[in-house]
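Understanding the architecture of this molecule
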Amino acid sequence: MSNFLSEVKDITRIERTAMHSHIQGLGLDDFLEPRNVSQGMVGQKSARKAAGLIVRLIKQGKIAGRGILIAGQPGTGKTALAMAMSHELGEQTPFTSISGSELFSLEMSKTEAMTQAIRKSIGVRVKEMAEVLEGEVVEIRIERPESLEGVRKGKITLKTTDMDSMYEIGNKMMDQLSELGISSGDVISIQKAGGKVTKLGRSYSRSKDYDINTSNINFVECPSGELQKTKEVVHMISIHDMDVINSYSRGFEKLFLGNTGEIKQEIREKINEQVLLWREEGKADIIPGVLFIDETHMLDIETFSYLNRALEDDLSPILIMASNRGITRIRGTNYKSPHGIPIDLLDRLLIIATKPYEYEDIKHILKIRAEEEDVEIDEEALEMLTNIGVETSLRYAIQLIITSDLVSKKRKGTKVKLNDVRRVYTLFVDVKRSSQFLKEYQKQFMF
Ligand code: ADP
């Protein structure tokens, strides 16, 4: 697969999760009762309650070998619910989302793609002792977890309590890193000690692991810093990332480019052994994450039996599937079944249903999304957007928030007004109107 293609695919993935950035949890009280609006979640109460019960079962380790199916129409919050569940399982819980149709479009076999998705959803939290440089004002930390057969991973974090010196030292570090051929951007994170992660010039707001030999680096010059004792540091990595890193001599590069190719079975077996050993030795914890598979009816019988087996594995994530179909044919067979899922797998699934939203819920979700996207919107415009959401789809209405804001900004407005929404409604069609348009267009050519 070309790098270009894989980049595009990664971007769609980011966009897909960005749509749910307002979701922080299921919004339940201590008795697992859903609060009306909480943690970004609105309405859909019985589904949220059911999801809360399942999260409790997962936490008690009582869900092994089973999966979850969320059934409901498009835009009823199936993905949002799955994300909320993964938040409830803990901040570090990995969440991977794929859709059934995507499996068949990847340039690798569907079982390989499924295996990669499964392994992306299992995190390994590695604990290790690392040397920490700490000064009165500034801390530059180089973390180097145990190397895996010739591959070194490093993480560099610069911490400071002094915002002024931060920029100066940060820039120096950036320059030295670029001299070493390490690109800017994903290398350094600057943190105001105890506070929020802050952006530094060209860098992103978090540190990353990368392929680096720390002995090459001589930028360790922090004004009042001195070498301090070793400390326990914790890293989180998915076993898929470990597979990739260990498959190529420049594994980290492959990982960042999303260009991973097929992984050999021996490598996977070695990584499994390694991870299980680390766990035994108390060096690492295995964190089963959530694998969310949308458009389940697009999977075929072969993939289903593969999934069925994967659920039995020692290293398996929590499988959440979503479907908006009723009784439909199981791909690759002539049989029909509920949601197009084979009965033996259905038997293992706990099913949650989501219901279509009423006006007030849609309005509230749109309001939360507008806040999340920093868009000010007046009441009339919000009502119009809500009506659009009711008539077309919630997702379409959400997309109109940012586009209306652009139109409003263009006329130098500070708030989105009714006319801005009207404008974008005519500019961007929803699915119903776009297919109507095509139908009419087609008619002109058919006699
Ligand atoms: P589905 O997966 O069922 O097609 P989504 O989860 O993608 O639906 O929902 C569409 C949009 O509405 C997303 O941005 C999602 O985060 C948001 N959303 C859906 N349900 C809720 C809810 N109950 N509370 C808050 N936001 C929601």
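Owing to the predicted nature of the structure, the values given are computational and were not obtained by experimental measurement.

As for the overall build of the protein
Scanning the protein for helices and strands turns up 16 helices and 17 strands. The buried share among the 447 residues of the protein stands at 47%. For the protein, contacts bridging at least 24 residues in sequence account for 70% of all contacts bridging at least 6. When the accessible surface of the protein is totalled, it reaches about 23500 Å², and 50% of it is carbon and sulfur.

What to know about the nonpolar core
Within the largest apolar cluster, 38 residues are counted, with the highest numbers of intra-cluster contacts made by M114, V124, I239, M242, I293, M321 and I341. Excluding residues within four positions of it along the chain, I239 makes contact with R119, I122, V124, I271, N272, V275 and L315. Counting 25 residues, the second-largest nonpolar core is a separate cluster that includes I23, L32, A82 and L89.

Regarding the site of the ligand
Residues in contact with the ligand amount to 20 residues; listed here are only the nearest, H20, V42, T79, Y357 and R395. H20 places a polar side-chain atom, nitrogen or oxygen, 2.8 Å from an oxygen atom of the ligand. In this structure, an oxygen atom belonging to the ligand sits 3.2 Å away from a main-chain N or O atom of G77. Here the ligand loses 98% of its free accessible area of 550 Å² to cover by the protein chains. For the shell around the ligand, the elements supplying multiple residues, two or more each, are β2 (41-42), α3 (78-88) and α14 (394-410). Looking at the shell around the ligand, its residues break down into 10 nonpolar, eight polar and two charged.

Regarding the packing of aromatic side chains
Tallied over the entire structure, the rule returns two aromatic pairs. With a centroid separation of 6.3 Å and an interplanar angle of 20°, the aromatic rings of F95 and F292 are classed as stacked. Note that F95 is positioned in strand β4 (residues 95-99) and F292 in strand β13 (residues 290-294), a separation of 197 residues in sequence. Classification of F292 as buried rests on a relative accessible area of 0%.

A few points about the pattern of salt bridges
Under the defined criterion, the tally for this structure stands at 14 salt bridges. Ionic pairing is found between D243 and R119, a salt bridge with its closest N-O pair at 2.5 Å. Taken together, the positions of D243 in helix α7 (residues 239-247) and R119 in helix α5 (residues 110-120) put the pair 124 residues apart, joining distant regions of the chain. A salt bridge links E281 to K283; the shortest N-O distance between them is 3.4 Å.

Details of the side chain of S316
Its location among the elements puts S316 in the loop between α10 (301-310) and β14 (318-323). In terms of polar contacts, S316 uses its side chain to reach the backbone carbonyl oxygen of D313, at 3.4 Å. When neighbours within four sequence positions are excluded, S316 is seen to be in contact with I122, P288, A310 and L311.

As for the environment of D294
Inspection of the secondary structure assignment puts D294 in strand β13. With 195 residues separating them along the chain, D294 and S99 place their C-alpha atoms 4.3 Å apart. Excluding its chain neighbours within four sequence positions, the residues that come into contact with D294 are T79, I98, S99, G100 and A322.

A look at the environment of L276
The topology assignment puts L276 in helix α9 (residues 265-280). The spacing of L276 and R331 is 55 residues in sequence and 36 Å in space, taken between C-alpha atoms.

Side note on unusual backbone geometry
Of note in the backbone geometry, D374 takes a positive phi value of approximately 60° without being a glycine. One non-glycine residue, K412, lies in positive phi territory at about 65°. With respect to the secondary-structure elements, K412 resides in the loop between α14 and α15 (418-427). Residue K412 is classed as exposed on the basis of its relative accessible area, which comes to 72%.

Points about the pairing of strand β3 (residues 67-71)
With five of its five residues buried, β3 lies for the most part within the structure. As paired elements, β3 and strand β17 (residues 349-353) share five bridges and run parallel to each other. Residue pairing in the sheet places L69 in a bridge with I351 of β17. Here four bridges tie β3 to β14, and the two strands are oriented parallel to one another. Bridging from a neighbouring strand, L69 pairs with M321 of β14.

Observations concerning the sheet that holds β3
Strand order across the open sheet formed by five strands is β4-β13-β14-β3-β17, with parallel pairing between neighbours. Two strands close off the open sheet at either side, each with one partner strand: β4 and β17. Taking the axes of each pair of neighbouring strands and ignoring which way they run, one obtains an average angle of 20° across the sheet.

Comments concerning α5
Across the 11 residues of α5, nine count as buried, placing the element largely inside the fold. Listing the buried residues of α5 in full gives K110, E112, A113, M114, T115, Q116, A117, I118 and R119.

Digging into the side chain of R348
As for its placement among the helices and strands, R348 is situated in the loop between α11 (343-346) and β17. Separated by 2.9 Å, the side chains of R348 and N308 make a polar contact.

Observations concerning the confidence of the model for the protein
With 68% of its residues at a pLDDT of 70 or more, the protein has an overall mean of 76. Note on residues 1-12: pLDDT under 50 across the span, and 12 contacts to partners over four residues away in sequence or across chains. A low-confidence stretch, residues 160-165 stays under pLDDT 50, and its non-local contacts, those more than four residues away or across chains, total 17 contacts. Two numbers describe this predicted complex: its pTM, 0.73, and its ipTM, 0.99.

Some thoughts on the packing of helix α12 (residues 359-372) against α14
At their nearest, the axes of α12 and α14 sit 10 Å apart, and the two run at 35° to each other. The two elements α12 and α14 meet at a crossing, and its hand is right-handed. Residue-level contacts link I362, I365, L366, R369 and A370 of α12 to L394, A397, I398 and I401 of α14. Looking at the contact of α12 with α14, its residues break down into eight nonpolar, no polar and one charged.

Rules and cut-offs
Residues numbered from 1 in each chain as written. Predicted model: local features only at pLDDT ≥ 70, side-chain atom pairs only at ≥ 80, totals over all residues. Heavy atoms only, no water. Helix = DSSP H or I, 4+ residues; strand = E, 2+ residues; numbered from the N terminus. Buried < 20%, exposed > 50% of the residue type's maximum accessible area, 1.4 Å probe, protein only. Contact = heavy atoms within 4.5 Å. Areas by Shrake-Rupley, 256 points an atom, 1.4 Å probe, with all protein chains shown as cover. Core = buried A, V, L, I, M, F, W, Y, C linked by side-chain atoms within 4.5 Å. Near = heavy atom within 4 Å. Polar contact = N/O pair within 3.5 Å; in protein donor to acceptor, adjacent residues only side chain to side chain. Nonpolar A, V, L, I, M, F, W, Y, C, P; charged D, E, K, R; others polar. Phe/Tyr/Trp six-rings, centres within 6.5 Å; stacked < 30°, edge-to-face > 60°. Salt bridge = Lys/Arg side-chain N within 4 Å of Asp/Glu carboxyl O. Pairing = 2+ DSSP bridges. Axes fitted to C-alpha atoms, helices over the stretch in contact; angles between N-to-C directions. pLDDT = per-residue confidence, 0-100. Left-handed = near helix turned anticlockwise from the far one by under 90°.

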